[in-house]
Amino acid sequence: MNDRAGPETVVASPRPPTVRPGYAFVLWIALPLFLLGLVATWLAVSDPLRAFNNGAPPVERLTFERRILDNTGIHLRVRAGGSEPITIAQVQVDDAYWTFVQDPPGDLARLATAWIHIPFPWTLGEAHEVRVVTKTGTTFDHEIPVAVRTPEAHSSQLVPQAVLGAFVGIVPVAIGLMFYPVLRGVGAQGMSFLLALTIGLLAFLFVDSLEDALELAGEAAVAFQGHVMVVLAAIISFLLLWVIGRRRGTPTGLGLATAIAIGIGLHNLGEGLAIGAAFTAGAAGLGTFLVLGFTLHNITEGVGIAAPLVKEPPPLSAFVWLALLAGAPAILGMWFGSLAYSPQWAALALAVGAGAILQVIVEVGVYLWRLDDRWKSGAVPVSVFGGLVAGLSLMYATAVLVKV
Amino acid sequence: MRNWLRETVNRRHLLWGSLATASGFLIGGAAATGQSSHAERGSAPPYDANGAGHHGAHGHMITVGDVGNARNGFDPTSLLTDWNTGVVSSLPDGRTLRTFEIIGEDKEIEIAPGILFPAWTYNGRVPGPSLRVTEGDRVRIIFQNNGSHRHSIHFHGIHSARMDGIPGAGEIGPGEEFIYEFDALPFGCHLYHCHALPLKRHIHKGMYGAFIIDPDPARHPEQADVARSRLLGTPENREWQEFVMVMNGFDTNFDGENEVYAVNTVAHHYAKHPITVIRGRPVRIYLINVVEFDPINSLHLHGNFFDYYDHGTTLTPTLRTIDTVMQCQAQRGILEFTYRAHETGLYMFHAHQAEFTELGWMGMFDVVEAAA
Ligand SMILES: [Cu+2]
């Protein structure tokens, strides 16, 4: 019976909070930092890691980030990785040593970049293999599958790129939004279906973005730890947009549509970067079929944006802004992609897009949950199930179109 | 969606896409793709850098920079002619004894400008010293292994099993010493190399060198003149311009293929530092192939033809008037030619495997008039 305080039991009262003077507060911050400094100094001075040094040469890594083919030859931007600076000794093209100029010259520190200019007479439409040989004799290969002149990043290119960006970004979203009058005619069941459809297509985009981001991250310099970066960026963008979106409670109507548009816009930014980069890489043959397929694929995005607006019609101008919000980033992406492209930036953009899309999926899901009280009986409404399947299938089907 | 971007980057889609572009079907027109049409490209060559800044006999297809000979401790130009005849003494029976001291050591060498190779060497150089003796001499080689692995010296020539330089017969561990001794037979252009296992690695790491046995004129009375012209130090021999060329290669990234090909180790050395040849005097090359990972190597002479003595074991040519000779690994021979009837200038020589040429096995003779 010692769980009851008897008269002889002395209950220790919590000590009254003492007001610590300011210097003590500073001391408790300074002391651990001081110890950290001490440990770091010891590590640097005594070098205990030396014991682990078995004389193995430092690991070298080199990533090829950009390639330009023009009438002066081949130009490659490389980024160093690994534990120690890399010294580029020689360059081979198609198993032959070639003169080259490194800019800037000298050793490449970890994560530093340099251009390698090779006066190589490449052959239109044929494959070439560039091999960089470092001081240690380690080789790094870069394949040029089809040699074509790299379109010059020229101000005159900005307009045609914007036209194409608008075509694959803004136009399909706008077309999707034009289904709005039709959508307004649907009842509660139809509404559930539409929202579930939106979730389905967003889920497809989420997986697609994440997959592309991870793939691009794999091409970036290893030191960036691309895969970790992608996951982190996705989580942070998800949380950030979650906090912002929830400032005024659960978003509905125009608020929710805007959130969806932002998520899709970020996704399109990443895709734009990739397309722009493809142009820079000389992938001339994007082709009518692919552009049309891509456009068709993006129309469903417009339907998704329009769905939350069915119950709360916004002013007409809102549709214009939503289309721009979701589609215009494709143009920006194309510009950036063709001017200064590195795989890690495209991966980052796609990862942020994935996080944003995930946030929108949650918001639409919450909205859908509250819209339909049939959930309370524990049943999954057929319209919701149908909408999800339809959304995923639609995206898949149009994706097949662009998958050659 | 990125996959389709990748898919587009191949020939089929390039052509297909161009077709679509040409048909004007792409909305926004051809300009929207940022590409000029194929027809326009056809009229303008995709590349014109060769027109400008073309320098040297090999244009831009050459290594950049030069190798630090001081750091390496040997200069490929002097490797051509620095015969090592050993310490000469007489045996009780009156025969000549030549004693050589060779040290095996690990050493990082520069095989092309800026490319360092962790080599295993004889006397700190690749190829090892060019040993030159006379037919019938007694040869004694004191081999001290200061390297990190077991090594040996296997001489091509006639010797006893005990002196073969193979595991169990002359292969020694780090810090050990072994003395090889045999008579110099037969005369010819031979080589020596490490025969420790794994063989490929020990050879391509740099453990090989030339072993030349000059014919003894007294043993070949019917061709004494020819023999005397080969015998180092005779007046007849002094007329000749003799060079030793060891064709080798280096696998720097352990993929079983050579990243660097050369003659006497340094890629493009004789392209950047042509070998001076006096126009009026005959040229004799002791050519040895030790290239690893490729079954054959070759030498092709520009603007000239040569007589060839397979293995150098005959005093009459085994091939006459050829301009290209092929050698299997460890095959070697003697080339004889002259530029007497030629203009002065730079005459190229190289492996006629274009790949070897382009990866460093290419050089030049600079044919000049004799100084007055
Ligand atoms: Cu060895």
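Sequence order as written defines the numbering, with residues in each chain counted from 1. As they are written, the chains are lettered A onward and the ligands numbered 1 onward, keeping that order. Note on the predicted model: pLDDT of at least 70 is required for a residue's local features to be given, and 80 or more for side-chain atom pairs to be given and counted; whole-chain, interface and lining totals, by contrast, use all residues. The side-chain quantities take in all heavy atoms of the structure and omit both hydrogens and water.

## A closer look at the overall build of chain B
Here is step 1 of the chain: Check the secondary structure of chain B and you find ten helices and 21 strands.
Here is step 2 of the chain: The criterion used for residue contact is that any of the two residues' heavy atoms lie within 4.5 Å. Taking the intrachain contacts of chain B between residues at least 6 apart in sequence as the baseline, contacts between residues at least 24 apart amount to 71%. A run of H or I in DSSP becomes a helix once it reaches four residues, and a run of E becomes a strand once it reaches two; helices and strands are each numbered from the N terminus.

## Focus on the sheet that holds strand β8 (residues 139-144) of chain A
Whenever strands of a sheet pair, they do so through backbone hydrogen bonds, lying parallel or antiparallel.
Here is step 1 of the chain: Pairing between two strands requires that DSSP report at least two bridges joining them. If you walk across this open sheet you meet the four strands as β4-β3-β7-β8 (chain A), and the pairing is antiparallel. The open sheet has two free edges, formed respectively by β4 (97-98) and β8 of chain A, since each of these has just one partner strand.

## Points about the sheet that holds strand β17 (residues 319-322) of chain B
Residues and elements named next belong to chain B.
Here is step 1 of the chain: Taken in spatial order, the six strands make up an open sheet running β12-β11-β14-β19-β16-β17, and their pairing is mixed. Edge positions in the sheet fall to β12 (260-263) and β17, since each of these pairs with one other strand and no more. Across the sheet, the mean angle from the axis of one strand to that of its neighbour is 20°, orientation sign disregarded.
Here is step 2 of the chain: Where strand β11 (residues 241-250) lies against strand β14 (residues 283-289), seven bridges are found, and the strand directions are parallel. Residue pairing in the sheet places Val-244 in a bridge with Tyr-286 of β14. Axis lines are fitted through C-alpha atoms, for helices just across the contact stretch, and the angle between N-to-C directions can take any value from 0 to 180 degrees.

## With respect to the pairing of strand β10 (residues 208-214) of chain B
Residues and elements named next belong to chain B.
Here is step 1 of the chain: Relative accessibility decides the category of a residue: with a 1.4 Å probe and only protein chains considered, values under 20% of the type maximum give buried, values over 50% give exposed, and everything between is partly exposed. Extensive coverage of β10 is indicated by the burial of seven of its seven residues.
Here is step 2 of the chain: Two elements, strand β5 (residues 130-134) and β10, share four bridges in a ladder whose sense is parallel. Considered in β10, the bridge of Val-133 is made with Ile-213.

## A closer look at helix α1 (residues 22-46) of chain A
Here is step 1 of the chain: Expected span, for any helix, means 1.5 Å times one less than how many residues it has. In this model, α1 of chain A (25 residues) spans 36 Å end to end at C-alpha, consistent with the 36 Å of a helix rising 1.5 Å per residue.
Here is step 2 of the chain: Positioned one or two residues after α1 of chain A, Asp-47 of chain A has a phi angle of 45°, which is positive.

## Some thoughts on the pattern of salt bridges
All names here are of chain B.
Here is step 1 of the chain: Put simply, a salt bridge is a Lys or Arg side-chain nitrogen that is within 4 Å of an Asp or Glu carboxyl oxygen. This model, assessed by the stated rule, comprises 21 salt bridges over all chains.
Here is step 2 of the chain: Glu-242 is the salt-bridge partner of Arg-284, the closest N and O atoms lying 2.7 Å from each other. Taken together, the positions of Arg-284 in strand β14 and Glu-242 in strand β11 put the pair 42 residues apart, joining distant regions of the chain.
Here is step 3 of the chain: You can call Arg-284 buried: its relative accessible area is 0%.
Here is step 4 of the chain: In this structure, Arg-279 and Glu-369 form a salt bridge, with 2.8 Å as the shortest nitrogen-oxygen distance. With Arg-279 in the loop between β13 (275-278) and β14 and Glu-369 in the segment after β21 (362-368), this pair connects stretches of sequence that are 90 residues apart.

## Looking at the UniProt feature "binding site: Cu cation" (unreviewed entry) in chain B
All names here are of chain B.
Here is step 1 of the chain: UniProt positions are given in the numbering used here, feature names are shortened, and annotations may be inferred rather than shown by experiment. Under the UniProt annotation, "binding site: Cu cation" (unreviewed entry) lies at His-151, His-156, His-193, Cys-194, His-202, Met-207 and His-352. Spanning 202 residues, the named residues do not form one spatial group; their C-alpha atoms are separated by as much as 32.8 Å.
Here is step 2 of the chain: Take His-156: it is sitting in the loop between β7 (154-155) and β8 (177-183).
Here is step 3 of the chain: Looking at His-156, the relative accessible area reads 18%, which means it is buried.
Here is step 4 of the chain: Once residues within four sequence positions are removed from consideration, His-156 is found in contact with His-190, Leu-191, His-193, Phe-211, Ala-330 and Arg-332.

## Section: the pairing of strand β3 (residues 96-112) of chain B
Residue and element names in this part refer to chain B.
Here is step 1 of the chain: Of the strand pairs in this sheet, strand β2 (residues 87-90) and β3 are connected by four bridges, and their pairing is antiparallel. When the sheet's bridge partners are listed, Ser-90 is paired in β3 with Thr-96.
Here is step 2 of the chain: Where β2 folds back onto β3 in an antiparallel hairpin, the turn is made up of five residues, including Gly-94, whose phi is positive at roughly 95°.
Here is step 3 of the chain: As judged from the eight bridges shared by β3 and strand β6 (residues 138-145), these two strands associate in the parallel manner. Bridging across to β6, Phe-100 finds its partner in Ile-141.
Here is step 4 of the chain: Relative to strand β4 (residues 115-122), β3 runs antiparallel, the two sharing eight bridges. Note that in β4 the partner of Gly-104 across the bridge is Tyr-122.

## A few points about the UniProt feature "domain: Plastocyanin-like" (unreviewed entry) in chain B
Residue and element names in this part refer to chain B.
Here is step 1 of the chain: When the UniProt feature table is mapped to this numbering, "domain: Plastocyanin-like" (unreviewed entry) covers residues 118-216 and 258-368.
Here is step 2 of the chain: For residues 118-216, the helix share is 6%, the strand share is 40%, and the end-to-end C-alpha distance is 39 Å.
Here is step 3 of the chain: Between the C-alpha atoms that bound residues 258-368 the distance is 34 Å, and the span itself is 8% helix and 49% strand.

## Focus on the environment of His-269 of chain B
All names here are of chain B.
Here is step 1 of the chain: Summarising the element assignment, His-269 is placed in helix α9 (residues 269-272).
Here is step 2 of the chain: The spatial distance from the C-alpha of His-269 to the C-alpha of Asp-66 is 8.0 Å, given a sequence separation of 203 residues.
Here is step 3 of the chain: Those residues within four positions of His-269 in sequence are excluded, and the remaining contacts are Asn-69, Asp-75, Pro-76 and Thr-77.

## Some remarks on the packing of aromatic side chains
All names here are of chain B.
Here is step 1 of the chain: Pairs were defined over the aromatic rings of Phe, Tyr and Trp, the Trp ring being its six-membered one, requiring ring centres within 6.5 Å. Orientation was assigned from the angle between planes: stacked under 30 degrees, edge-to-face over 60, tilted for the rest. This structure, assessed with the given rule, holds 22 aromatic pairs over all chains.
Here is step 2 of the chain: With a centroid separation of 6.2 Å and 85° between ring planes, the pair formed by Phe-182 and Phe-211 is classed as edge-to-face. Of this pair, Phe-182 sits in strand β8 while Phe-211 sits in strand β10, and the two are 29 residues apart along the sequence.
Here is step 3 of the chain: By relative accessible area, which is 1% here, Phe-211 ends up buried.
Here is step 4 of the chain: For the ring pair Tyr-339 and Phe-365, a centre distance of 6.2 Å and an interplane angle of 55° mean the geometry is tilted.

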